[in-house]
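Structural description and commentary
As a plain string of letters, each chain reads:
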Amino acid sequence: MILTMNILRLCLLALGARLVLIAYGEWQDRTMLVKYTDVDYYVFSDAAQYVTNGQSPYNRATYRYTPLLAWMLTPNIYISPVFGKLLFVLSDVIAGYLMHQILLLRGVDAKTSKMCASVWLFNPLPMGVSSRGNAEALTIMLVLGTLYFVMTKCTNTAAFLYATAVHFRIYPATYALPLFLLMDEDYTGCTCNRKQATKTMSDFIGIFVNPSRVQLVFTSAMTFVLLTGLCFVMYGQEFVEETYLYHLTRRDIRHNFSVYFYMLYLTSESEWSIVMGIVTFLPQVVLLVAVSCWLYRDLPFCCFVQTFLFVTFNKVCTSQYFLWYLSLLPVILPTLKMKIQDAVTMATLWFLGQALWLLPAYYLEFQGQNTFLYIWAAGILFFAINVWILIKLLNAHVHEPMFSKGKLVKLNMND
Amino acid sequence: MQPSFGGQFEIFSTRRTSVRGMTWLTSACLCAALLLIHNSAGLKNPGATDHAAELTTSLLEFIVKTGGRENRIQHTVCPSLSAVRVNRTAQNQGFHRDVVTEVTLPVAMATLPVPCRLLLVETVPAGMYVDLHQVTFRTDFGGPQVLALRDIDVEQAAHQSPHHKLLLYSPLQQGPKGFTWRVVLPVHLRYHRWAGEGEDTSATVKLEGPDVLMHCEGDRPVTTPCEESRLFPAPCYAESQEVCLWQLLNGKAEPLLFQVPLGQQTHAGLVITGTTVAAALGSWLILAAARRASRVSRREGAKNKEE
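Residues numbered from 1 in each chain as written. Chains lettered and ligands numbered in written order. Predicted model: local features only at pLDDT ≥ 70, side-chain atom pairs only at ≥ 80, totals over all residues. Heavy atoms only, no water.

1. Concerning the environment of Phe257(A)
Residues and elements named next belong to chain A. Following the sequence through the fold, Phe-257 ends up in the loop between helix 14 (237-249) and helix 15 (261-266). Classification of Phe-257 as buried rests on a relative accessible area of 9%. Spatially, the C-alpha atom of Phe-257 lies 23 Å from that of Val-291, the residues being 34 residues apart in sequence. (Helix = DSSP H or I, 4+ residues; strand = E, 2+ residues; numbered from the N terminus. Buried < 20%, exposed > 50% of the residue type's maximum accessible area, 1.4 Å probe, protein only.)

Shown next, in the form of structure tokens:
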């Protein structure tokens, strides 16, 4: 049935399903002690309330986002508390639509594109997350918008959306290098620099600098500086600390999925702390740079791998972060040559790894048992499963450059 | 969506009523007098009065911060009561607990001569915190209204946190054994610093019994005169800036003890080695796979470039 409907009807259906979930959530919140709505949504709403009173949104403890989000959610106070959720589910559905359009651009047939987009549109995970009032859908929509406009070669629009995405969340900053590298002669279509020997400094610079790259860097830098500068002028150093520095220097000793969790807890407040900071940072940086340089020609796949690495090797990892790379999975599916059984095995192990972690975590948090070592072991196991999954995906990936002679190249779907 | 309590009072404080000079002066004098009384009574009973003086200071600071000092203080009358029973239990296990407090006024006073209200003052130790937003949700389901005398950082570890005081307001219920007051407060244990070699693998957090205060409306001198050293100023209601005098009742509950599991330094060797090996091995394998993946290029594209 899905395959007979066009993409707009599918999006409307997906939107309808999310609206039903929002309605259910409102009912549950009013009648039960355990709330459907995410704690973060109340944080956003409280911050929006402060903004409507002319105060800083950072008066609300644990608000660690851009003030723009609080500003966007002021209708929560003036119109209805449900406004924010409506905005997030709409962004979620738009993200699904963008996935479909990106796949069509790459030459994937309509049927497969609709199926891949449906993996997101009718997936209970993003449906639940957005209807509970989580703002990840906004960043995901901006990232997909960036990919779309890069593929249609609207460099300025892509750069603007990209800078906005980075303003909202730090993780898209890892796409800067692949985006820059992608805009080479294959992207611009200009072969002028290819055969020249590098004799002078200007020749050397000429290899790296071209109009597209200038547009990319200039537009994204200007957008980011304007957005961040505006927020800094309004809210000062507190904005920088809460929105960016907190996430960059975050050392949460509370248990979480990160492979480094127990190691950081045990070395907190000791002379090893700084060494640990470096040890945890180094693999992330090395891997991100290497992957950027090797895989940039297939930008969606490169971004997927970047994000997967960022999350898997991060000092703190919560289930919210998984959406960051899951949102790029539908877009890379056609480039993966893989048997269904393998895909099912991977998905099963991924869920199993989380379940095996949640078990000792439950006993620690809700039964007060000392299961720290088991949580650590489960964290190592989940990390190993994630590494295995990534390697399988890398092995299954057929790497086809997106651009050649200035034009988008369609995927070869016949192998 | 209701703002947090801290935000609510900041909003009120920006719309202050005009200062009534004499009323403020009277209130300020009374508060100063209370502090003096508590301090001088310390000559007889130093330990109890440290606590009383600390409580008065915290309450006064809070009243000033929330703009209640311009209001007239409402006095209380003090019916004589024999010992009040305070019973405390903790429900659930782990880091998230419910602390149940039951206050029973003795049967002999089954009918109080004047309308009265109760207020619990909790001193939450550093190893624990209360999430005010969670408490606000529970108010709709019969939970108490809670005021925090200071901002509470819900994310900080135990050794980096101070203790804090809470005011719990809840209506009095009439039961078969007289007046009872049952309050359930959700608390959360904080993460503690790891246990060094040879240290206990769990930490103990001690929650002392609350101070039970009562405010009764009426004209003096209907009942016995109030003992000044047992009077404390506090907001009359959770939502108001009016200040009432509250009488501290006899009756103290036994402290509750909570065990918090700790990470252990004896694991450090294994954990650091294991994590480093896993991260290094994982990185190496991924680098190799990514390098292989980047070499697979489009067959037709490769042919085009060769032409």
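2. Description of the layout of surface pockets
A probe matching the size of a water molecule, rolled over the atoms, marks out where space remains unfilled. All names here are of chain A. Approximately 1,000 Å³ is the volume found for the second largest pocket. Listed by contribution, the elements that provide at least two residues to the lining of the second largest pocket are helix 6 (110-121), helix 17 (299-312), helix 18 (322-326), helix 19 (329-332), helix 20 (340-367) and helix 21 (372-396). The leading source of residues in the lining of the second largest pocket is helix 20, at 7 residues. Here the lining of the second largest pocket is built from residues that sort into 25 nonpolar, 2 polar and 2 charged. (1 Å grid on protein atoms, 1.4 Å probe; cavity = no way out; pocket = protein on both sides within 12 Å on 5 of 7 lines; lining within 4 Å. Points joined across faces, edges and corners; volume = space filled by probe spheres on them. Nonpolar A, V, L, I, M, F, W, Y, C, P; charged D, E, K, R; others polar.)

3. Here we look at the state of the cysteines
Residues and elements named next belong to chain B. Under the counting rule described, the total for this entry stands at 1 disulfide over all chains. One disulfide bridge connects Cys-236 with Cys-244, the sulfur atoms lying 1.9 Å from each other. Its S-S torsion of about 105° marks the bond between Cys-236 and Cys-244 as right-handed, since a negative value means left-handed. Comparing Cys-236 with Cys-244 shows no difference in burial state: the two are buried. (Disulfide = S-S within 2.5 Å.)

4. Examining the interface of chain B and chain A
Between chain B and chain A, the residue contacts involve 58 residues of the former and 66 residues of the latter. Both sides of the chain B and chain A interface together cover about 5,400 Å² of buried area, and 65% of this is carbon and sulfur. Where chain B packs against chain A, one counts 2 salt bridges. Residues Arg193(B) and Glu269(A) are paired through a salt bridge, measuring 3.8 Å at the closest nitrogen-oxygen approach. Where chain B meets chain A, there are 18 residue pairs in polar contact (both at pLDDT 80 or more). Contributions of two or more residues to the side of chain B that touches chain A are made by helix 1 (5-13), helix 4 (132-139), helix 5 (268-295) and helix 6 (299-306) of chain B. (Contact = heavy atoms within 4.5 Å. Buried area = accessible area lost by both parts, 1.4 Å probe. Salt bridge = Lys/Arg side-chain N within 4 Å of Asp/Glu carboxyl O. Polar contact = N/O pair within 3.5 Å; in protein donor to acceptor, adjacent residues only side chain to side chain.)

5. Quick word on the pattern of salt bridges
Residue and element names in this part refer to chain A. Counting across every chain of the model gives 15 salt bridges over all chains. The partner of Asp-38 in a salt bridge is Arg-132, with the nearest N and O atoms 3.5 Å apart. A residue pair is termed long-range when its members are at least 10 positions apart, and Asp-38 in the loop between helix 1 (7-31) and helix 2 (39-52) and Arg-132 in the loop between helix 7 (124-131) and helix 8 (136-151) qualify at 94 residues. Looking at Asp-38, the relative accessible area reads 16%, which means it is buried.

6. Re the side chain of Gln354(A)
As for its position among the elements, Gln354(A) is in helix 20. Discounting residues that sit within four places of it in the chain, Gln354(A) has contacts with Phe257(A), Phe322(A) and Phe382(A).

7. Section: unusual backbone geometry
All names here are of chain A. Phi is positive for Lys-153, close to 60°, though the residue is something other than glycine. Residue position: Lys-153 is located in the loop between helix 8 and helix 9 (155-168). Despite not being glycine, Lys-405 has its phi angle at roughly 50°, a positive value. With respect to the secondary-structure elements, Lys-405 resides in the loop between strand 1 (403-404) and strand 2 (407-408).

8. A word on the confidence of the model for chain B
Residues and elements named next belong to chain B. Summary statistics for chain B give a mean pLDDT of 78 and a share of 73% for residues scoring 70 or more. Confidence drops under a pLDDT of 50 for residues 1-22, and excluding neighbours within four residues, the segment shows 30 contacts in the predicted structure. In the predicted assembly, ipTM is 0.91 and pTM is 0.87. (pLDDT = per-residue confidence, 0-100.)

9. Here we look at the pairing of strand 13 (residues 243-248) of chain B
All names here are of chain B. Of all 6 residues in strand 13, 6 are buried, a share of seventy percent or more. Note that strand 1 (residues 73-74) and strand 13 share 2 bridges and pair parallel. Following the sheet pairing, Ile-73 is matched in strand 13 by Val-243. Both strand 11 (residues 211-216) and strand 13 contribute to a ladder of 2 bridges, which runs antiparallel. If you follow Leu-213 over to strand 13, its bridge partner there is Leu-248. In this sheet, strand 13 lies alongside strand 12 (residues 231-235) in antiparallel orientation, the contact comprising 5 bridges. Within strand 13, the residue paired with Pro-235 across the bridge is Val-243. (Pairing = 2+ DSSP bridges.)

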